Amino acid sequence: MKAIRRFTVRPVLPEPLRPLSDLARNLRWSWHAETRDLFQSVDPERWAASECDPVRLLGSVSPARLAELAEDRRFLRRLAAVADDLSDYVSGERWYQTQSGELPAAIAYFSPEFGITAALPQYSGGLGILAGDHLKAASDLGVPLIGVGLLYRHGYFRQSLSRDGWQQEHYPVLDPNELPVALLEEHDGTPAQVSLALPGGRQLHARIWLAQVGRVPLLMLDSDVEENDLGERQVTDRLYGGGSEHRLLQEMLLGIGGVRAVRTYCRLTGHPAPEVFHTNEGHAGFLGLERIAELCAGGLDFDSALEAVRAGTVFTTHTPVPAGIDRFDRELVAHHFGLDAELPGIDVERILRLGMETYPGGEPNLFNMAVMGLRLGQRANGVSLLHGHVSREMFSGLWPGFDPDEVPITSVTNGVHAPTWVAPEVFRLGARQIGAQRTEDALTVGGSDRWDAVGDIADQDIWELRRNLREQLVDEVRARLRASWRQRGAGTAELGWIDGVLDPDVLTIGFARRVPSYKRLTLMLRDRDRLMDLLLHPERPIQIVVAGKAHPADDGGKRLVQELVRFADDPRVRHRIVFLPDYGMAMAQKLYPGCDIWLNNPLRPLEACGTSGMKAALNGCLNLSVLDGWWDEWFQPDFGWAIPTADGVGTDPDRRDDIEAEALYDLLEQRVAPRFYERGQHGLPDRWIEMVRQTLTLLGPKVLAGRMVREYVERLYTPAAHAHRAMVPDSARELAAWKGRVRDAWHGVTVDHVETSAATATAELGTTLGLRVRVGLGELGPDDVEVQVVSGRVDPEDRIADAVTVPLKPAGGPDPEGRWVYEGPLSLDRTGPYGYTVRILPTHRLLASGAELGLVAVPSEETADGAGVLFR
């Protein structure tokens with residue numbers, strides 16, 4: 001019989017055990033070993049059955065066991081110690097509190113998904129895991145962050161396989177009352193709510209659930225409330241589901257409703273109001289519109305409010321391909337804003353202009369969420385050095401006249417939260433070497449360039465650790481594979497072979513990620529005979545563990561999964577290669593430590609960062625990867641291998657896959673496997689162990705989320721907070737008026753004549769030339785512009801590379817024709833082909849970049865002919 005209604009019965013904890021409830025509700029337990037150990041000791045069997053979720057555990061423990069624990073003095077002492085530790089953690093000084101300078105009072109961090117723990121399944125892949133790691137690292141560092149997201153009643157889908165290997169999706173219903181979250185309540189005890197206006201006079205209401213992530217509150221909006229009609233209740237039904245309007249409403253609720261939720265939270269708790277708003281990818285971009293509306297309601301005009309909002313906004317892009325960005329039809333967006341809908345005080349055309357692709361190569365009828373994010377944020381970044389370069393190229397149309405290298409998008413390379421992803425055994429090995437507290441500090445705060453203490457760990461200890469982790473993975477894989485085959489309809493009698501799947505002494509390769517086509521799940525299958533030879537090699541076999549989910553609407557991705565599964569089902573190799581369905585955080589935490597090699601073979605440069613290889617590296621797993629994302633930045637032969645790529649222009653995609661698969665097989669056969677199996681004089685793989693040691697020593701400190709968050713604080717959050725403080729209403733009005741004046745007058749800005757003291761087309765290194773430039777400024781004055789000489793080496797087409805810019809100074813006032821003369825030196829500091837040009841940019845003390853307005857004046861071809869002196 002099926003229940004007609006479901007509700008949650010919460011346990012009543014005996015008074016001495018009340019701190020268990022607080023510990024269960026703060027998600028720090030998900031990365032704090034002592035807290036997890038405490039909950040495990042409550043009831044080890046139920047802890048395993050609850051999938052290591054304290055809320056579920058406490059809901060299932062018998063009253064008799066609770067009464068027994070309430071009398072257990074040893075348990076109560078442990079409970080008191082862990083509770084005191086949490087209290088010190090959330091209230092004591094940490095890295096942020098010890099920094100000098102005027103740091104932001106608070107930062108609001110918006111993301112469509114957050115991967116904190118498997119017990120709160122609100123993530124689909126790397127973007128959400130990164131956001132979760134960002135919150136955890138901010139908590140460890142004491143950064144006053146407020147996370148903002150949505151609470152999806154079905155989360156992302158659970159994955160299983162049909163008998164023939166086709167991906168099947170399941171959407172379990174998540175009851176917030178059974179999750180480690182609590183409703184945010186008004187002072188009178190009623191649930192706090194935010195509302196959005198919908199076309200036709202309807203309303204979208206949402207409650208605010210609070211997940212406490214260490215010191216960081218995470219606000220999650222949930223539209224499944226009785227006040228909404230059925231359609232509105234389903235707005236937060238599932239992550240990345242539904243059609244365009246469904247996604248638009250989700251993103252309006254995240255951005256606009258999210259700002260309202262932050263205001264509500266700060267009002268109810270006294271938390272400082274955020275000075276900086278950080279949008280993690282374009283999904284939350286509407287937050288800027290809500291903040292503009294707030295300022296307009298306070299008396300600012302739209303243009304001034306836009307400047308004030310931009311000053312305190314940071315935008316992070318995560319996609320290296322235009323197809324990865326949410327884009328909406330212009331009319332759909334227009335329908336949801338204006339007099340009969342949301343933000344009625346703002347002209348719909350002004351809203352549309354922020355997101356329309358009104359630049360060369362854009363589609364002018366589409367509203368682009370990343371474009372809006374860039375136009376609403378004064379500071380923007382990609383998530384690795386290479387991705388920053390790709391992003392500047394991709395969005396260069398927004399800054400016409402500037403080389404991609406000058407597009408104002410920087411990069412902060414992602415990191416991973418070590419306490420979440422480092423296996424307990426790895427932590428204990430470090431603690432044995434330098435002590436538990438120093439190990440914890442090294443993994444959270446970071447700050448050093450090298451972990452030299454790893455050099456003192458004995459080879460034998462490193463090798464035993466690696467084998468132990470591999471053995472644990474083998475046990476995990478067999479259990480998961482057995483469960484998967486049962487779901488696929490196999491009987492127990494058919495599954496005896498699973499006891500022989502994988503070998504704890506065989507070189508183990510991991511490959512696990514989402515399954516879009518560019519990540520090339522099946523590249524390893526290009527030459528199946530060769531792969532079989534590698535798997536079944538008599539002396540140097542390899543074994544591969546694969547996992548990954550295709551998007552429910554991506555049949556191409558599902559076909560890739562099926563192709564891999566069918567190969568792994570082959571009785572000849574199924575003991576050496578496995579596909580594990582339902583890839584998620586719980587599986588990943590076993591997978592990364594247990595592998596010897598982490599494989600990554602995307603189409604370069606389509607991997608923005610690729611943090612799974614970082615998590616593997618923190619456990620002593622070596623990376624074997626295409627030079628993309630973070631690996632392009634930090635690869636060294638000391639601690640991994642780079643797969644050669646054929647990413648030149650014009651390479652046929654099939655031919656490219658063949659070339660790169662061949663390179664992968666060659667590496668595995670000739671370099672990777674021999675090094676793993678080669679033994680030194682003490683019977684250990686000395687050279688392999690040295691690579692593990694170098695991975696931990698040199699890569700470990702780099703890949704930390706603590707390093708990443710510190711970079712955000714120092715390079716983006718603090719400058720944004722200072723700009724926000726400077727942008728008082730009068731300054732915002734001044735900047736908006738100045739920008740309007742400059743844009744209107746820019747057509748009158750010209751470079752009329754350039755002359756130099758050089759007499760010939762060759763010069764000696766170290767020579768300094770005198771430069772004299774005559775410019776027209778029209779209705780502008782010297783205070784509005786900067787005249788620059790741009791110089792550097794040139795290529796055969798006279799394009800300047802590694803440019804150096806030097807400002808020129810006005811020599812007196814305007815001449816009778818209103819022209820100005822600028823002068824300055826040009827130092828020839830490099831040999832070889834050398835060139836220069838002159839340009840004029842707008843300048844103002846409140847601009848973050850000279851390229852901010854996208855305006856530049858350069859010499860005409862006639863002027864350049866007389867001035868483009870090149871030294872060849």
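Look above for the structure.
The following paragraphs examine the structure supplied in this document. (Residues numbered from 1 in each chain as written. Predicted model: local features only at pLDDT ≥ 70, side-chain atom pairs only at ≥ 80, totals over all residues. Heavy atoms only, no water.)

### Quick word on the sheet that holds strand 19 (residues 622-626)
Ordered in space as 17-16-15-18-19-20, the six strands form an open sheet in which the pairing is parallel. One side of each edge strand has no neighbouring strand; the edge strands of this open sheet are strand 17 (577-580) and strand 20 (640-643). For this sheet, the mean inter-axis angle between neighbouring strands, taken without regard to orientation, is 20 degrees. Note: strand 15 (residues 507-512) against strand 18 (residues 597-600), two bridges, orientation parallel. If you follow Ile509 over to strand 18, its bridge partner there is Ile597. (Pairing = 2+ DSSP bridges. Helix = DSSP H or I, 4+ residues; strand = E, 2+ residues; numbered from the N terminus. Axes fitted to C-alpha atoms, helices over the stretch in contact; angles between N-to-C directions.)

### Some thoughts on the state of the cysteines
One pass over the full model with this rule turns up zero disulfides. Not part of a disulfide, Cys52 finds its nearest cysteine sulfur in Cys595, a span of 20 Å. Judged by its relative accessible area of 36%, Cys52 falls in the partly exposed class. (Disulfide = S-S within 2.5 Å. Buried < 20%, exposed > 50% of the residue type's maximum accessible area, 1.4 Å probe, protein only.)

### Observations regarding the environment of His318
With respect to the secondary-structure elements, His318 resides in the loop between strand 10 (313-316) and strand 11 (327-329). As for His318 and Asn280, which are separated by 38 residues in sequence, their C-alpha atoms are 7.9 Å apart. Engagement of the side chain of His318 in a polar contact is seen with the side chain of Asn280, the distance being 2.4 Å. (Polar contact = N/O pair within 3.5 Å; in protein donor to acceptor, adjacent residues only side chain to side chain.)

### Observations concerning the sheet that holds strand 24 (residues 800-807)
Reading across from one edge, 24-23-27 is the order of the three strands in this open sheet, with antiparallel pairing throughout. Looking at the sheet topology across the chains shown, the edges are occupied by strand 24 and strand 27 (834-842). The mean inter-strand angle of the sheet, taken between neighbouring strand axes irrespective of direction, is 30 degrees. Bridging between strand 23 (residues 785-794) and strand 24 involves six bridges; their strand directions are antiparallel. The residue of strand 24 that forms the bridge with Gln788 is Pro807.

### Description of helix 11 (residues 302-311)
A large share of helix 11 lies buried, amounting to nine of its 10 residues. Here helix 11 has its buried residues at Phe302, Ser304, Ala305, Leu306, Glu307, Ala308, Val309, Arg310 and Ala311. With a side-chain oxygen lying 3.2 Å from the backbone nitrogen of Asp303, the N-terminal cap of helix 11 falls on Asp301.

### What about a negative patch on the surface?
A contiguous patch of negative charge, built from Glu393, Asp403, Asp405 and Asp802, is present on the exposed surface. When its relative accessible area of 60% is taken as the criterion, Asp405 is described as exposed. (Patch = residues over 30% accessible without salt bridge, like charges linked within 9 Å, V, L, I, M, F, W, Y side chains within 5 Å. Areas by Shrake-Rupley, 256 points an atom, 1.4 Å probe, with all protein chains shown as cover. Salt bridge = Lys/Arg side-chain N within 4 Å of Asp/Glu carboxyl O. Lys, Arg positive; Asp, Glu negative; His and termini not counted. Charge placed at Lys NZ, Arg CZ, Asp CG, Glu CD.)

### Observations regarding the pattern of salt bridges
Counted by the stated rule, this structure contains 69 salt bridges. Salt-bridge contacts for Glu51 lead to Arg56; the nearest nitrogen and oxygen are separated by 3.4 Å. Here Arg520 makes a salt bridge to Glu660, at a shortest N to O gap of 2.4 Å. You can see Arg520 sitting in the loop between strand 15 and helix 20 (528-535) and its partner Glu660 sitting in helix 25 (residues 653-677), a full 140 residues away along the chain. For Arg520, a relative accessible area of 5% translates into the label buried. A network of salt bridges, in which partner residues are shared, links Arg520, Arg526, Asp654, Arg656, Asp657, Asp658 and Glu660.

### Some details on the nonpolar core
When a protein is soluble and globular, its nonpolar side chains tend to lie buried together. Counting 107 residues, the largest nonpolar core has Leu507, Met524, Ile544, Ile597, Leu624, Trp641 and Trp688 as its most contacted members. When residues in this core are grouped by element, the largest group, 10 residues, is from helix 25. Those residues within four positions of Met524 in sequence are excluded, and the remaining contacts are Phe511, Leu531, Ile544, Val546, Leu564, Ile577, Leu599 and Tyr665. One finds Trp29, Val213, Leu218 and Ala721 within the second-largest nonpolar core, a separate group that totals 63 residues. (Core = buried A, V, L, I, M, F, W, Y, C linked by side-chain atoms within 4.5 Å. Contact = heavy atoms within 4.5 Å.)

### Some points on the packing of helix 2 (residues 33-42) against helix 6 (residues 73-91)
Relative orientation of the contacting elements helix 2 and helix 6 amounts to 150 degrees, with a least axis distance of 10 Å. Judged on the interaxial angle alone, helix 6 and helix 2 are roughly antiparallel. Both helix 2 and helix 6 take part in a crossing whose hand is left-handed. Residues Glu34, Thr35, Asp37, Leu38, Ser41 and Val42 of helix 2 touch helix 6, and the partners they reach there are Phe75, Arg78, Leu79 and Val82. Classifying every residue of the contact of helix 2 with helix 6 gives five nonpolar, two polar and three charged. (Parallel < 35°, antiparallel > 145°, perpendicular 65-115°, else oblique. Left-handed = near helix turned anticlockwise from the far one by under 90°. Nonpolar A, V, L, I, M, F, W, Y, C, P; charged D, E, K, R; others polar.)

### With respect to the environment of Ser100
In this fold, Ser100 is placed in the loop between helix 6 and strand 1 (107-110). The sequence separation of Ser100 and Gly282 amounts to 182 residues, and the corresponding C-alpha distance is 32 Å.

### Considering the pairing of strand 3 (residues 158-161)
Where strand 3 meets strand 4 (residues 167-170), four bridges bridge the pair, whose relative direction is antiparallel. Bridging across to strand 4, Arg158 finds its partner in His170. In textbook terms, the turn of a hairpin is the stretch between consecutive antiparallel strands, and for strand 3 and strand 4 this stretch comprises five residues, one of which, Gly165, has a positive phi near 90 degrees.

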